[in-house]
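One letter stands for each residue in the lines below.
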Amino acid sequence: MPHHSKPKEPDRREFLKKACCVAIGGALGAVPVAAGVGLYLDPLLRKATNSKEGLNVRVTTLDNLPADGTPRQFKVLASQVDAWMKTPETPIGAVYLVRTTDAQKPVRAFNVACPHAGCFVAYVAEIPNYSPETPGYFCPCHNSSFKLDGQIARAGSPAPRGLDELECFVQNENEVWVRYQKFQAGTAEKVPLGA
């Protein structure tokens, strides 16, 4: 009878050495990969956490606002950072600015978006052939109307709330800055959406 030799059993120590090397190498390789993923996702995560806070934007100067309190519409321009890309100043919205006689709050700012469906409202004096009962703002989409202070002008208005007033402040004695942000349309509460 032929003699069969038993196959050689793998060396247990050799197997453990290789397994440990693979585990250590994998752990060491995971560190730079995790750091790279974190760096890659950082702009997205930062944008997500700051999106509802608004954006401070220099809009104009006091010299460009009528002293009599007539509203003026201004574009809101900002450099936008969209995850990894930065674009130069582009329009991101618009506001109505109203100069007041209040030293504590010399300028009021209202987002031009109607809180009903998001259409742009117009200052009634700028609408051709429109004779309002009182000065204010008018939304041409669904006939919402607002007083100069932003409050709803008439009962039965489709807008669920007045115009969204934005934080506004004067810097360097003459620069008008607005904390620009958008709000959810169609709700009675001001729910921030971001800039």
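See above for the structure.
The text that follows walks through the structure, step by step, so that each part is easy to find. Since the model is a prediction, treat every value here as computed from it, not as a measurement.

Overview of the sheet that holds strand S1 (residues 55-61)
Then step 1. A sheet is described by the order of its strands in space; here three strands give the open sequence S1-S10-S9, paired in antiparallel fashion. This sheet does not close on itself; its edge strands, each paired only once, are S1 and strand S9 (168-171). For this sheet the average axis-to-axis angle between neighbouring strands, irrespective of direction, equals 30°.

Some points on the state of the cysteines
Then step 1. Under the defined criterion, the tally for this structure stands at one disulfide.
Then step 2. For Cys-119, the disulfide goes to Cys-141, at an S-S distance of 2.1 Å. Given an S-S torsion of about -105°, the disulfide between Cys-119 and Cys-141 has left-handed geometry. Pair noted here: Cys-119 is in the loop between strand S4 (107-111) and strand S5 (122-123) and Cys-141 is in the loop between strand S6 (136-138) and strand S7 (145-147), with a separation of 22 residues, a long-range link.
Then step 3. Cys-119 gets classed as buried once you look at its relative accessible area, which sits at 18%.
Then step 4. On the accessibility criterion, Cys-141 (40% relative accessible area) is partly exposed.
Then step 5. With no disulfide of its own, Cys-114 lies 3.9 Å from the sulfur of Cys-139, the closest cysteine sulfur.
Then step 6. Given the relative accessible area of 3%, Cys-114 is considered buried.
Then step 7. The class of Cys-139 is buried, set by a relative accessible area of 2%.

Describing the sheet that holds S7
Then step 1. With antiparallel pairing, three strands are arranged side by side in an open sheet as S5-S6-S7. Every other strand in the sheet has two partners, leaving S5 and S7 as the edge strands with one partner each.
Then step 2. With two bridges connecting them, S5 and S6 associate as antiparallel partners. Note that in S6 the partner of Ala-122 across the bridge is Phe-138.

Some thoughts on the pattern of salt bridges
Then step 1. Under the definition given, this model contains five salt bridges.
Then step 2. The closest approach of N and O atoms between Glu-165 and Arg-108, which form a salt bridge, is 2.7 Å. On the criterion of sequence distance, the pair formed by Glu-165 in strand S8 (residues 165-166) and Arg-108 in strand S4 is long-range, its members being 57 residues apart.
Then step 3. The exposure class of Glu-165 is partly exposed, given its relative accessible area of 21%.
Then step 4. Arg-108 sits in the partly exposed class, given a relative accessible area of 23%.

Remarks on the pairing of S9
Then step 1. With four bridges joining them, S9 and strand S10 (residues 175-180) adopt antiparallel strand pairing. Counted as the bridge partner of Cys-168 is Val-178 from S10.
Then step 2. Hairpin connection, S9 to S10: the antiparallel pair is bridged by three residues, and Asn-172 has positive phi, about 50°.

Quick look at the packing of aromatic side chains
Then step 1. Using the criterion set out here, one finds four aromatic pairs in the structure.
Then step 2. Ring centres 5.0 Å apart and planes at 50° place the aromatic pair Tyr-96 and Tyr-137 in the tilted group. With a gap of 41 residues between them, Tyr-96 in strand S3 (residues 85-99) and Tyr-137 in strand S6 connect regions that are remote in the sequence. There is no split in this pair, since Tyr-96 and Tyr-137 are both buried.
Then step 3. Centre to centre, the rings of Phe-110 and Tyr-137 are 6.1 Å apart; their planes meet at 55°, and the pair counts as tilted.

Rules of the game
Residues numbered from 1 in each chain as written. Predicted model: local features only at pLDDT ≥ 70, side-chain atom pairs only at ≥ 80, totals over all residues. Heavy atoms only, no water. Pairing = 2+ DSSP bridges. Helix = DSSP H or I, 4+ residues; strand = E, 2+ residues; numbered from the N terminus. Axes fitted to C-alpha atoms, helices over the stretch in contact; angles between N-to-C directions. Disulfide = S-S within 2.5 Å. Buried < 20%, exposed > 50% of the residue type's maximum accessible area, 1.4 Å probe, protein only. Salt bridge = Lys/Arg side-chain N within 4 Å of Asp/Glu carboxyl O. Phe/Tyr/Trp six-rings, centres within 6.5 Å; stacked < 30°, edge-to-face > 60°.

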